[in-house]
Amino acid sequence: QLQLEESGGGLVQPGGSLRLSCAASGSRFSIYDMGWYRQAPGKEREVVARITNVGSTDYAEFVQGRFGIYRDNDKNTMYLYLNRLKPEDTAIYYCNAKIRERPEFEYWGQGTQVTVSS
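Residue indices begin from 1 for each chain and proceed along its sequence in written order. Only residues with pLDDT of 70 or above have their local features reported here, since the model is predicted, and side-chain atom pairs are shown and tallied only from 80 upward, although totals for entire chains, interfaces and linings are computed over all residues. Each side-chain value is derived from all of the structure's non-hydrogen atoms; neither hydrogens nor water enter the calculation.

Caption draft 1: Here's a closer look at the environment of Glu88. Helical segments are the DSSP runs of H or I of at least four residues, strand segments are the runs of E of at least two, and each set is numbered from the N terminus. Residue position: Glu88 is located in the loop between strand 8 (77-82) and strand 9 (91-99). Glu88 sits 74 residues away from Pro14 along the chain, and the two C-alpha atoms are 9.6 Å apart.

Caption draft 2: Geometry of the environment of Gly26. Residue position: Gly26 is located in the loop between strand 3 (18-25) and strand 4 (33-39). The sequence separation of Gly26 and Pro14 amounts to twelve residues, and the corresponding C-alpha distance is 37 Å. Once you skip the residues sitting within four places of it in the chain, Gly26 turns out to touch Gln1 and Gln3. Residues are treated as being in contact if the distance between any of their heavy atoms lies within 4.5 Å.

Caption draft 3: Here's a closer look at the state of the cysteines. Working definition: a disulfide is two cysteine sulfur atoms within 2.5 Å of each other. A full pass over the atoms with the stated rule returns one disulfide. For Cys22, the disulfide goes to Cys95, at an S-S distance of 1.9 Å. Measuring the twist about the S-S bond at about -65°, one finds the Cys22-Cys95 disulfide to be left-handed. A residue pair is termed long-range when its members are at least 10 positions apart, and Cys22 in strand 3 and Cys95 in strand 9 qualify at 73 residues. Across the pair, exposure class does not vary: Cys22 and Cys95 are buried alike. Residue exposure (1.4 Å probe, protein chains only): buried if accessible area is under 20% of the type maximum, exposed if over 50%, otherwise partly exposed.

Caption draft 4: Spatial organisation of the side chain of Arg38. Examined against the element boundaries, Arg38 turns out to sit in strand 4. Whenever two N or O atoms come within 3.5 Å, that pair is a polar contact, provided that in protein one can donate a hydrogen and the other can accept it, and provided that, for residues adjacent in sequence, both atoms are side-chain atoms. Side-chain polar atoms of Arg38 contact the side chain of Asp89, separated by 2.9 Å. A polar atom in the side chain of Arg38 sits 3.0 Å from the side chain of Tyr93. If sequence neighbours within four positions are ignored, Arg38 has contacts with Glu44, Arg45, Glu46, Val48, Phe62, Phe67, Glu88, Asp89, Ala91, Ile92 and Tyr93.

The structure is reproduced here in structure tokens:
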């Protein structure tokens with residue numbers, strides 16, 4: 001069982017930056033593919049960025065080079081750097097971990113709120 005805890009959300013002005021962290025515990029973090037998802041009010045949860053267990057990354061189209069996803073396997077932590085934030089980035093950001101083709105090994109954090117407003 002893997003436990004995930006997000007932190008780093010908050011209120012930021014348009015154009016500002018934040019760093020989100022996802023701390024993992026309880027299992028071998030390095031074997032999991034990780035990802036950040038977000039859910040805005042009244043909308044479905046959507047993928048923001050993903051990083052595989054070997055460090056390959058991909059991003060949603062709306063990211064447009066503004067965000068960066070990283071992982072530190074020594075610290076059992078994943079990060080999402082959010083830059084040039086826009087009001088439409090306002091959402092709850094969730095951390096996800098899973099093992100490919102093993103749906104029974106998928107875990108979510110509780111989420112962290114990001115609000116972009118002047």
